[in-house]
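Geometric and topological summary
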Amino acid sequence: AWEAFQKNWQPLLIIPGVLFLCPVIVVFVTLYFGVFAAMMAGQSGSENLAIGGFIGAWAVASLIIFVMSILSMGIIKVVLMIYNGKQVKFSDVWMDMNTYLRILGVEILTVLGGIAGFALCVLPIFVVAFLTTFACIIVVQDSSIGAWEAIKKSAVLAKENWMITLITVLLT
């Protein structure tokens, strides 16, 4: 293993070093653009400038994170080459455009899956809130009723009066 490292130390040290610096750059760029835009917005009284600065910082951070993921895949490629006994050089980190496009596709699908998972976890909360809006009121009105019965009555009441219930849930 030591011999393989000695032969291939440049890609194994330089690329992780760059990957270490990327998050630092992301933090500083985001802070710079965000704080700069907030200061300029405070001086000019324009909220649009602050929003634009934060959107710009987010875009730069997203680009840097994408580059980090590509470099991470390059490190994996180099490590696999070393594992297979091949001599590597710094340029082996880079791949062809089809590979980059496939990596981008995987990242987009991963983000969409994360958004769908988040939505599937959050949307049921709103459904439960919608259906149980009146449950506590029902228990207060009739203290002899059980919790599950109150929830069932609340669900029936919410479904029958869905518009009023929706407005109530949105306002609370």
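Note that the coordinates shown come from a computational prediction; the quantities given were computed from them, not determined experimentally.

What follows concerns the pattern of salt bridges. All told, the structure shown has 1 salt bridge when counted by the stated rule. Between Lys 152 and Glu 149 there is a salt bridge whose closest N-O contact spans 3.0 Å. Taken together, the positions of Lys 152 and Glu 149, both in helix H6 (residues 147-160) and 3 residues apart, correspond to about one turn of that helix. Under the relative-accessibility criterion, Lys 152 is labelled partly exposed at 39%. Given a relative accessible area of 36%, Glu 149 falls into the partly exposed group.

Turning to the layout of surface pockets, a few remarks are in order. Estimated volume of the largest pocket: approximately 240 Å³. Residue lining of the largest pocket: Trp 58, Ser 62, Ile 65, Phe 66, Ser 69, Leu 104, Glu 107, Ile 108, Thr 110 and Val 111, and that is the complete set. Looking at the lining of the largest pocket, its residues break down into 6 nonpolar, 3 polar and 1 charged.

The subject of this paragraph is the environment of Gly 85. Tracing the backbone shows Gly 85 in the loop between helix H3 (47-83) and helix H4 (97-131). With a relative accessible area of 63%, Gly 85 lands in the exposed category.

On the surface, Met 97, Leu 101, Leu 104, Ile 108, Leu 109, Val 111, Leu 112 and Ile 115 cluster together to form a nonpolar patch covering roughly 780 Å² of accessible area. Its location among the elements puts Leu 112 in helix H4.

Turning our eyes to something else, we now look at the side chain of Thr 165. Structurally, Thr 165 is set in helix H7 (residues 162-171). A polar atom in the side chain of Thr 165 sits 2.8 Å from the backbone oxygen of Asn 161. Dropping the residues within four chain positions of it, Thr 165 is found in contact with Phe 130, Thr 133, Phe 134, Leu 157 and Ala 158.

The rules we used
Residues numbered from 1 in each chain as written. Predicted model: local features only at pLDDT ≥ 70, side-chain atom pairs only at ≥ 80, totals over all residues. Heavy atoms only, no water. Salt bridge = Lys/Arg side-chain N within 4 Å of Asp/Glu carboxyl O. Helix = DSSP H or I, 4+ residues; strand = E, 2+ residues; numbered from the N terminus. Buried < 20%, exposed > 50% of the residue type's maximum accessible area, 1.4 Å probe, protein only. 1 Å grid on protein atoms, 1.4 Å probe; cavity = no way out; pocket = protein on both sides within 12 Å on 5 of 7 lines; lining within 4 Å. Points joined across faces, edges and corners; volume = space filled by probe spheres on them. Nonpolar A, V, L, I, M, F, W, Y, C, P; charged D, E, K, R; others polar. Patch = residues over 30% accessible without salt bridge, like charges linked within 9 Å, V, L, I, M, F, W, Y side chains within 5 Å. Areas by Shrake-Rupley, 256 points an atom, 1.4 Å probe, with all protein chains shown as cover. Polar contact = N/O pair within 3.5 Å; in protein donor to acceptor, adjacent residues only side chain to side chain. Contact = heavy atoms within 4.5 Å.

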